[in-house]
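The lines below spell out each chain.
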Amino acid sequence: MDIAFFELENWQKQEIKQKLKNHRLAFFDSPLKEEHISKIKDTQVLGIFIYSKITADIIDRLPKLRLIATMSTGFDHIDIEYCKRKNIAVCNVPTYGENTVAEHTFALILALSRKLYPSVKRTRENHLFETDISLRGFDLKGRTIGLIGCGNIGKHVARMAAGFEMDILVYDIYKDEKLARKIGFRYAEFDDLLTESDVISLHVPYNSKTHHLINEETIGRMKKGAHIINTSRGAVIDTKALVRGLESGKIAGVGIDVLEGEGEIKEEMAVLKDEFKSSSDLQTVLANHVLMKMDNVLITPHNAFNSAEALQRILNTTIENIFSFSSGKKENLVWQH
Ligand code: NAI
């Protein structure tokens, strides 16, 4: 098969060359863009990461495309409905990062609760070994954490929260009472989770139902002084509402690994391009910049998955996905025909 991979590091390319040596391989360092299309006209399989946006237009211009293998759990960067119409299979890596992303989630929670960033900044940049009220944090033990979404990642966060002796509330459209008893969490209505949690952590996929799940109104129902953690997808939160929540003091701290419109933040030249159409996108970019400058906001650059072990798991599964597709089996397909 003709397979085109995007956004890979050298060690990944070497491993792919060895393991998929019977296929015709092409590698591109950047995300899939307009200028690549003419070079991959015969491609049957795309191996991509989340910054390659696979639109209906791109699909139409790759007439031989049969499989899109995304090297991520989330697949909201791919027009799945259009893939269905065109009979193009899409597979993902469903479980590479469950503990990895959960560990990052707790890194953000602890960094906020123990004022880690300003503490380190004081010693490293100001060379001051002094403490005061501005570095005062809060204990996690006895606090309530509300998990919105308790699938692969949320479950691990719940286990870790139990280790910190937190009270754990979970809101999920799917309930597993056995798991709740085993880990020691309680299912709650969405509203109750909002009003009772000290820390709210998001672990839902991004889709039309979770778009701006955290917004002006839901922030309004949260406890004063709540902390919000987001390692899921940026647009689960309405960024402008979040900025207002922080400015008013309703939200005491935020730890996020994902930003609404993060593609544009990574590459601000994109603001000048056609695909960057509406002025509300521009407002989101500005809101993101405001967030980045706020003292009580910690932002990591979509790095929660980025551990050596997780990357190896991603690569192994992607290679297996392509293998099994080429041998007629169906593995990790986001949808099947
Ligand atoms: P998962 O599919 O195992 O779990 C998602 C959970 O959310 C499920 O239990 C599901 O029932 C629940 N859910 C779905 N829609 C809901 C709704 N409207 N309201 C309440 N609950 C809902 O997914 P997993 O592996 O836990 O990952 C969650 C998300 O984390 C992914 O979709 C992805 O966007 C993000 N992610 C971020 C990474 C990063 O590096 N920051 C890395 C990996 C995933």
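Everything that follows concerns the structure shown earlier in this document.
A. Expanded view of the layout of surface pockets. As a volume, the second largest pocket reaches approximately 530 Å³. Around the second largest pocket, the lining is made up of 24 residues, and of these Tyr117, Pro118, Asp295, Asn296 and Val297 lie nearest the centre. When residues in the lining of the second largest pocket are grouped by element, the largest group, four residues, is from helix H5 (residues 116-124). Across the lining of the second largest pocket, the residue classes break down as 12 nonpolar, six polar and six charged.

B. Inspection of helix H6 (residues 152-163) at higher detail. Over its 12 residues, H6 runs 18 Å from end to end, which matches the ideal 16 Å to within 8%, given 1.5 Å per residue. The complete set of buried residues in H6 reads Gly154, His156, Val157, Ala158 and Ala161. Directly after H6, the chain includes Glu165, whose backbone phi takes a positive value near 60°.

C. Fine view of the site of the ligand. Lining the immediate environment of the ligand, one finds 23 residues, of which Asn152, Ile153, Asp172, Thr231 and Asp257 sit closest. In this structure, Thr231 approaches the ligand through a main-chain N or O atom, which is 3.0 Å from a nitrogen atom. A distance of 3.3 Å separates an oxygen atom of the ligand from a polar atom in the side chain of Arg233. Surface burial for the ligand is 86%, taken as the share of its 870 Å² of free accessible area covered by protein chains. A per-class count over the shell around the ligand returns 11 nonpolar, nine polar and three charged.

D. Looking closely at the pairing of strand S9 (residues 199-202). Residues Val199 and Ser201 point to one face of S9 and Ile200 and Leu202 to the other, with burial holding for every one of them. In this structure, strand S6 (residues 144-148) lies alongside S9, joined through four bridges in parallel fashion. By the bridge assignment for S9, Ile145 is matched with Val199.

Scoring rules and cut-offs
Residues numbered from 1 in each chain as written. Predicted model: local features only at pLDDT ≥ 70, side-chain atom pairs only at ≥ 80, totals over all residues. Heavy atoms only, no water. 1 Å grid on protein atoms, 1.4 Å probe; cavity = no way out; pocket = protein on both sides within 12 Å on 5 of 7 lines; lining within 4 Å. Points joined across faces, edges and corners; volume = space filled by probe spheres on them. Helix = DSSP H or I, 4+ residues; strand = E, 2+ residues; numbered from the N terminus. Nonpolar A, V, L, I, M, F, W, Y, C, P; charged D, E, K, R; others polar. Expected span 1.5 Å × (residues − 1). Buried < 20%, exposed > 50% of the residue type's maximum accessible area, 1.4 Å probe, protein only. Near = heavy atom within 4 Å. Polar contact = N/O pair within 3.5 Å; in protein donor to acceptor, adjacent residues only side chain to side chain. Areas by Shrake-Rupley, 256 points an atom, 1.4 Å probe, with all protein chains shown as cover. Pairing = 2+ DSSP bridges.

Purely geometric numbers; function is a separate question.
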